[in-house]
Amino acid sequence: MNLIDYPDTEFMAMGLADVIAAQLSAALRQRDRALLVVPGGTTPGPIFDTLCGARVEWDRIDVMPSDERWRPQAHLRSNAGQIAKRLLCERAATAALMPLYVEGISPEAAAPGLAADLAPHLPIDVALVGMGGDMHTASIFPRMPGIEAALAHDAPALLPVRIEGEPEPRITLAAHVLRSAMHLHVVIIGSEKREALERARNLDAAEAPIAALLDDATVHWAP
Ligand SMILES: O=C(O)[C@H](O)[C@@H](O)[C@H](O)[C@H](O)COP(=O)(O)O
């Protein structure tokens, strides 16, 4: 695991946005299009606010959520909705959003077709994921039903997630798809998540799903 500490969240947002922009541009020197995967949650917003103005050929970039709450894009809890609002604006407005939510069917029914659509875009060129204080990442939660499948090397690329107590079902990229990204970044803020990250390094991925990614990731942390 490569760990980068920043003095504050502003420095981290600017530094990480620069790295992601450079990695996307490098990918476009090799291929016609590049795939950027980004998380939901509150952490990535300031990164998006900087990244959306980056000088990247955004019309050749596909942007996909790492996971999705099963809500229409207009819903407040939609990750695709947040990405469309905060990232796909300014220069990045010309990027193509690849939403995961499919109206009128369940995540179980949608997953195979979404995985087939995703396959030609893999491996991910740049993946940015977050982490919860419980050490979940994307929508892979500790000890969740189906955790072994989400962590398996041969798991389907996209998996439905149903967790008791969550307001809606979800869908998530499998751990191996995130791990196989050409560039994998984990972004976390605050002492609680820093302590959780240190704990995760010594835990099984079923207990700490972020642990499945750490060997292949650069972790960016700010207080
Ligand atoms: O759908 C989601 O919520 C995200 O994909 C999720 O994995 C997020 O990255 C973590 O829960 C951290 O969220 P915060 O950035 O809000 O702490």
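In this text, all values refer to a predicted model and were calculated from it rather than measured experimentally. (Residues numbered from 1 in each chain as written. Predicted model: local features only at pLDDT ≥ 70, side-chain atom pairs only at ≥ 80, totals over all residues. Heavy atoms only, no water.)

Notes on the overall build of the chain
No. 1: What the chain contains, in helices and strands, is 7 helices and 10 strands.
No. 2: A compact globule built from 223 residues should have a C-alpha radius of gyration of about 17 Å, and the chain, at 16 Å, falls within 12% of that.
No. 3: Taken over the C-alpha atoms alone, the chain extends approximately 40 × 40 × 35 Å along its principal axes.
No. 4: Burial status across the chain gives 54% buried among its 223 residues.
No. 5: A separation of at least 24 residues holds for 78% of the contacts in the chain among residues at least 6 apart in sequence.
No. 6: Total accessible area computed for the chain in this model is approximately 9800 Å², and 52% of it derives from carbon and sulfur atoms.
No. 7: For the chain, the distance from the average position of its 19 positive side-chain charges to the average position of its 29 negative side-chain charges is 3 Å. (Helix = DSSP H or I, 4+ residues; strand = E, 2+ residues; numbered from the N terminus. Rg over C-alpha atoms; globule rule 2.2 N^0.38 Å. Buried < 20%, exposed > 50% of the residue type's maximum accessible area, 1.4 Å probe, protein only. Contact = heavy atoms within 4.5 Å. Areas by Shrake-Rupley, 256 points an atom, 1.4 Å probe, with all protein chains shown as cover. Lys, Arg positive; Asp, Glu negative; His and termini not counted. Charge placed at Lys NZ, Arg CZ, Asp CG, Glu CD.)

Re the pattern of salt bridges
No. 1: For the coordinates displayed, the defined rule picks out 13 salt bridges.
No. 2: Note that Asp-5 is salt-bridged to Arg-194, the shortest N-O span being 3.0 Å. Within this pair, whereas Asp-5 is found in strand β1 (residues 2-5), its partner Arg-194 is found in helix α7 (residues 191-200), the two being separated by 189 residues in sequence.
No. 3: For Asp-5, a relative accessible area of 45% gives the class partly exposed.
No. 4: Across the pair Arg-86 and Asp-49 runs a salt bridge whose closest N-O atoms are separated by 2.7 Å. Pair noted here: Arg-86 is in helix α3 (residues 79-86) and Asp-49 is in helix α2 (residues 45-51), with a separation of 37 residues, a long-range link.
No. 5: Judged by relative accessible area, which is 29%, Arg-86 ranks as partly exposed. (Salt bridge = Lys/Arg side-chain N within 4 Å of Asp/Glu carboxyl O.)

Looking at the environment of Gln-82
No. 1: Mapped onto the fold, Gln-82 is located in helix α3.
No. 2: It is 9.8 Å that separates the C-alpha atoms of Gln-82 and Pro-44, two residues lying 38 residues apart in sequence.
No. 3: Sequence-distant contacts of Gln-82, defined by excluding residues within four places in its chain, comprise Pro-39, Gly-40, Gly-41, Pro-44, Phe-48 and Leu-87.

With respect to the sheet that holds strand β2 (residues 34-38)
No. 1: Sheet architecture is open: 7 strands sit in the order β1-β10-β9-β6-β2-β3-β5, paired in parallel fashion. Edge positions in the sheet fall to β1 and β5 (96-97), since each has one partner strand and no second.
No. 2: The pairing of strand β3 (residues 61-65) with β5 spans 2 bridges and is classified as parallel. Looking at β5, one finds that Asp-62 is bridged to Ala-96.
No. 3: Across the face of the sheet, helix α1 (residues 9-28) comes into contact with β2, β3, β6 (126-129), β9 (183-189) and β10 (218-222) while running at roughly 170 degrees to β9. (Pairing = 2+ DSSP bridges. Axes fitted to C-alpha atoms, helices over the stretch in contact; angles between N-to-C directions.)

Remarks on the site of the ligand
No. 1: Taken together, 16 residues sit near the ligand, with Thr-43, Asp-67, His-136, Ala-138 and Lys-193 positioned nearest.
No. 2: Thr-43 has a polar side-chain atom sitting 2.6 Å from an oxygen atom of the ligand.
No. 3: At 2.7 Å from an oxygen atom of the ligand is found a side-chain nitrogen or oxygen belonging to His-136.
No. 4: Across the complex, the protein chains shield 88% of the 420 Å² of accessible surface that the ligand would expose by itself.
No. 5: Classifying every residue of the shell around the ligand gives 3 nonpolar, 9 polar and 4 charged. (Near = heavy atom within 4 Å. Polar contact = N/O pair within 3.5 Å; in protein donor to acceptor, adjacent residues only side chain to side chain. Nonpolar A, V, L, I, M, F, W, Y, C, P; charged D, E, K, R; others polar.)

Observations regarding the confidence of the model for the chain
No. 1: Across the chain, the average pLDDT comes to 98, with 100% of residues at 70 or higher.
No. 2: When mean pLDDT is compared element by element in the chain, β6 scores highest at 99, while helix α5 (residues 147-151) scores lowest at 95.
No. 3: Scoring the predicted complex yields pTM 0.98 and, for the interface, ipTM 0.97. (pLDDT = per-residue confidence, 0-100.)

Focus: the packing of aromatic side chains
No. 1: Taken as a whole and assessed by the stated rule, the structure comprises 1 aromatic pair.
No. 2: Considering the side-chain rings of Trp-70 and Tyr-101, the 5.1 Å spacing of their centres and the 65 degrees angle between planes classify their relative orientation as edge-to-face. Of the two residues, Trp-70 is situated in the loop between β4 (67-69) and α3 and Tyr-101 in the loop between β5 and α4 (107-118); the sequence distance between them amounts to 31 residues. Here Trp-70 matches Tyr-101 in class, with each residue buried.
No. 3: Directly above the ring of Trp-221 sits Arg-194, whose terminal nitrogen or CZ lies 4.8 Å from the centroid. (Phe/Tyr/Trp six-rings, centres within 6.5 Å; stacked < 30°, edge-to-face > 60°. Lys NZ or Arg CZ within 6 Å of the ring centre and 35° of its normal.)

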